[in-house]
Amino acid sequence: LSFSGKTGFSFLLFQIVSKGIPMHARRIHTPLGKKYSIPYGKKNQYILSVDRANLNRELLTAAEKYSNTKLYFGHKLIECNAELGTLIIKRSGQLPLEVTYDLIVGCDGAFSTVRKQFMRQTRFNYSHEYIPHGYMELTIPPRDGDVSGPDPGLPWPP
């Protein structure tokens, strides 16, 4: 989660953020064995590495507490119109369905349809740059609860 992601989840701060691992820098390993770090932000800024399954579980649990919440599983988000408060969703083999919303939580990952729709608005500042080798997510369990280590940018132990 980025700074804005952490801010947006303030209603779930403890359940999600407290279980995350602060990542101050991305650790780069070159083919020749050299290592260097690229900070994720300014001094004292970081992204938060969170368990995706836990994030989804906590979001669903929070959503279920509101009687006016509607969840659509098995649907693809086709369009999100923030100005009108409408979504167009589609289930395989069915006609598209337009639904209205007061709040949408866009947690649909790196290739977010919600983000793409917001990028079409004026004055929405966003950049996305692909790295040549793609992305790999690692799960490294803590040793005796210790998740700190000598390598800034990697949860520890290795």
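Residues numbered from 1 in each chain as written. Predicted model: local features only at pLDDT ≥ 70, side-chain atom pairs only at ≥ 80, totals over all residues. Heavy atoms only, no water.

The name that an unreviewed UniProt entry assigns to the chain is FAD-binding domain-containing protein, with the source organism given as Bambusicola thoracicus. According to the UniProt record, the Cofactor (unreviewed entry) comment for the chain is "FAD". (UniProt positions renumbered as here; feature names shortened; annotations may be inferred.)

Before going further, it helps to spend a moment on the nonpolar core. By size, the foremost hydrophobic cluster in this structure holds seven residues: Leu77, Cys80, Leu87, Ile89, Val99, Tyr101 and Val114. Elements with a minimum of two residues in this core: strand E5 (75-81) and strand E6 (86-91). Apart from residues no more than four positions distant in its own chain, Leu87 is found in contact with Leu77, Glu79, Cys80, Leu97, Glu98, Val99, Tyr101 and Ile104. If you look at the next biggest cluster of nonpolar residues, it comprises six residues, including Ile16, Leu48, Val50 and Leu59. (Core = buried A, V, L, I, M, F, W, Y, C linked by side-chain atoms within 4.5 Å. Buried < 20%, exposed > 50% of the residue type's maximum accessible area, 1.4 Å probe, protein only. Helix = DSSP H or I, 4+ residues; strand = E, 2+ residues; numbered from the N terminus. Contact = heavy atoms within 4.5 Å.)

Turning next to the sheet that holds E6. Taken together, the three strands give an open sheet; going across it, the order is E5-E6-E7, and neighbouring strands pair in antiparallel fashion. Taken across any chain shown, the strands that pair with only one partner, and hence form the sheet edges, are E5 and strand E7 (97-100). In this sheet, neighbouring strand axes are inclined to one another by 30 degrees on average, regardless of whether the strands run parallel or antiparallel. Where E5 meets E6, six bridges bridge the pair, whose relative direction is antiparallel. Of the residues in E6, the one forming a bridge with Leu77 is Ile89. (Pairing = 2+ DSSP bridges. Axes fitted to C-alpha atoms, helices over the stretch in contact; angles between N-to-C directions.)

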